[in-house]
Amino acid sequence: MNWDDESTYASPAADRLVGTAADGEDQAVEAALRPKDLDEFIGQERVREQLDLVLKAARARGATADHVLLSGAPGLGKTTLSMIIAAEMGAPIRITSGPAIQHAGDLAAILSSLTEGEVLFLDEIHRMSRPAEEMLYMAMEDFRVDVVVGKGPGATAIPLELPPFTLVGATTRAGLLPPPLRDRFGFTGHMEFYSPAELQRVVRRSARLLDVEMEDQGGAEIAGRSRGTPRIANRLLRRVRDYAQVKADGVITQEIAAQALQVYEVDGRGLDRLDRAVLTALLKLFGGGPVGLSTLAVAVGEERETVEEVAEPFLVREGLLARTPRGRVATPAAWSHLGMVPPQQGGGPGQRGLFGE
């Protein structure tokens, strides 16, 4: 995609209140709300316990920590954990991303400027270019890179020694990582979606840091609509805070939270306008399916990719929609959630067959 594509045709997910992409406001708020150590980090109990052992063992040996790979959906805390790793090891952190490294020379410039023990956080590592990826193999394993000087038959590879460092890779699509790269990580952690109870703790902590007065039931209402993602929970908290300040006395109660999120079209299960539009079209126009993805997208008035990549993952995870070889099918839970009754399947007592039989 070229520059014009990105600027002119912005992703519909970018402006969704329940979207997982972080805009400038989200990044600024997240920086203020991020926990500073593992003890303060909420959720991800298994990953947190395993990572704690890895870091404590490295500190006891006086060595740099093993390379770490964190996988999972956006907004679950991969960047936060990378910063905690650096803080726990008492090391600086360098942050970059896979799409920003398009040439091996880009990666060589970053690696050659690292200091001993420094943490290099590489977000969306699966989107790194292949030449840079191959250079990273040697850097991770031998702390060395070969810099090629010149072109053609006269080109010379000059070995460049690197100080020991810790690479923290983050990816939303671990299956796209080639096995040679994946095998060079000493620790791999998969980030799970949060439970409502864990998200309520996240919201309570964020409300305290933002100096927002909130009742427990108000926090539970926000957590229940946050789709298992702390980033969404914090975003909804800020919007409910705005509503409470303008429409009420500033205190977030269950009633105020429900009213605010109704204004922002986020229902009790975290579905927004796009999600409900997909389900409504599937139920009302196609009787619950099966229906092809392209046909469903036309009915909703969205691009095929928008329906498939933005709306469907959460609907499938919530058990409201199923993907079948014949097309998309609504589940009984979808009919129930929208307050609709599924059509009768098969012939009833008063129905006649095709030929009047």
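Residues numbered from 1 in each chain as written. Predicted model: local features only at pLDDT ≥ 70, side-chain atom pairs only at ≥ 80, totals over all residues. Heavy atoms only, no water.

A few words now on the overall build of the protein. Scanning the protein for helices and strands turns up 15 helices and nine strands. Of the contacts made within the protein by residues no fewer than 6 positions apart, 70% connect residues no fewer than 24 positions apart. Summed over all atoms, the accessible surface of the protein reaches about 18,300 Å², with 51% contributed by carbon and sulfur. (Helix = DSSP H or I, 4+ residues; strand = E, 2+ residues; numbered from the N terminus. Contact = heavy atoms within 4.5 Å. Areas by Shrake-Rupley, 256 points an atom, 1.4 Å probe, with all protein chains shown as cover.)

Right, let's talk about the packing of helix 12 (residues 273-285) against helix 14 (residues 304-317) for a bit. Direction vectors running N to C along helix 12 and helix 14 enclose 90°, while the axes themselves pass 10 Å from each other. Classified by the angle between their axes, helix 12 and helix 14 sit roughly perpendicular to one another. Listed contacts from helix 14 to Leu274, Asp275, Val278 and Leu279 of helix 12 are Thr306, Val307, Val310, Ala311, Phe314 and Leu315. For the contact of helix 12 with helix 14, the per-class residue count stands at eight nonpolar, one polar and one charged. (Axes fitted to C-alpha atoms, helices over the stretch in contact; angles between N-to-C directions. Parallel < 35°, antiparallel > 145°, perpendicular 65-115°, else oblique. Nonpolar A, V, L, I, M, F, W, Y, C, P; charged D, E, K, R; others polar.)

Pairing within the open sheet is parallel, and its five strands lie in the order 2-3-6-1-7. In the strand order of this sheet, the two ends are held by strand 2 (93-97) and strand 7 (187-190), each with one partner. Ignoring which end each strand starts from, the neighbouring axes of this sheet average 15° apart. Packed on one face of the sheet, helix 3 (residues 45-61) meets strand 1 (68-71) and strand 7 and runs near 160° to strand 7. Running over the sheet, helix 4 (residues 78-89) touches strand 1, strand 2, strand 3 (119-123) and strand 6 (166-171) and is turned about 175° from strand 3. (Pairing = 2+ DSSP bridges.)

Right, let's get into helix 9 (residues 216-224). The periodicity of an α-helix, 3.6 residues per turn, causes residues three or four positions apart to be oriented the same way. Those residues of helix 9 lying buried are Gly218, Gly219, Glu221, Ile222 and Ala223. Among the structural elements, helix 8 (196-209), helix 10 (230-247) and helix 11 (254-263) are those in contact with the buried residues of helix 9. (Buried < 20%, exposed > 50% of the residue type's maximum accessible area, 1.4 Å probe, protein only.)

Glancing now at helix 11. Every buried residue belonging to helix 11 is among Ile256, Ala257, Ala260 and Leu261, and all of these are buried. All buried residues of helix 11 lie within an arc of 125° about the axis, which places them on one face of the element. For helix 11, the exposed residues lying more than 90 degrees away from the buried face are Glu255 and Gln262. Looking one or two places after helix 11, you find glutamate 265, whose phi comes out positive at around 60°. (Arc of directions from axis to C-beta.)

Our next topic: the confidence of the model for the protein. Model confidence for the protein is summarised by a mean pLDDT of 82, while 87% of its residues fall at 70 or above. Throughout residues 1-12 the model reports pLDDT below 50, and contacts reaching past four residues in sequence, or to other chains, amount to four contacts. In the model, residues 346-357 has pLDDT below 50 throughout and makes two contacts with residues more than four positions away in sequence or in other chains. (pLDDT = per-residue confidence, 0-100.)

Another aspect to go through is the packing of helix 3 against helix 4. Put simply, helix 3 and helix 4 touch, their axes get as near as 10 Å, and they point 30° apart. Taken together, the axes of helix 3 and helix 4 are roughly parallel relative to one another. For the crossing formed where helix 3 meets helix 4, the hand is right-handed. On helix 4, the residues that touch Val47, Leu51, Leu55, Ala58 and Arg59 of helix 3 are Leu81, Ile85, Glu88 and Met89. Here the residues of the contact of helix 3 with helix 4 sort into seven nonpolar, no polar and two charged. (Left-handed = near helix turned anticlockwise from the far one by under 90°.)

A separate point is the nonpolar core. By size, the foremost hydrophobic cluster in this structure holds 47 residues, and its most contacted members are Leu51, Leu81, Ile222 and Ile252. The biggest single contributor to this core is helix 10, with seven residues. Contact partners of isoleucine 252, with chain neighbours within four places excluded, come to Val212, Glu213, Met214, Glu215, Gly218, Ile222, Leu237, Val240, Arg241, Ala244 and Ala257. Core analysis: the next-biggest nonpolar cluster, separate from the first, contains 24 residues, Ala108, Ile110, Met128 and Met135 among them. (Core = buried A, V, L, I, M, F, W, Y, C linked by side-chain atoms within 4.5 Å.)

Right, let's talk about the environment of lysine 284 for a bit. Mapped onto the fold, lysine 284 is located in helix 12. Note on lysine 284: relative accessible area 60%, which makes it exposed. Placed 58 residues apart in sequence, lysine 284 and proline 342 show a C-alpha to C-alpha distance of 9.7 Å.

Inspection of the entire model under this criterion finds 17 salt bridges. Put simply, lysine 56 and aspartate 52 hold a salt bridge, and the shortest N to O gap is 3.2 Å. Of this pair, lysine 56 and aspartate 52 both sit in helix 3, four residues apart, which is roughly one turn of that helix. Residue class for aspartate 52 comes out partly exposed when judged on its relative accessible area of 22%. A salt bridge links aspartate 242 to arginine 239, with the shortest nitrogen-to-oxygen separation between them at 3.0 Å. Note that aspartate 242 and arginine 239 are positioned in helix 10 at a spacing of three residues, about one turn of the helix. One connected set of salt bridges, linked through shared partners, spans Arg239, Arg241 and Asp242. (Salt bridge = Lys/Arg side-chain N within 4 Å of Asp/Glu carboxyl O.)

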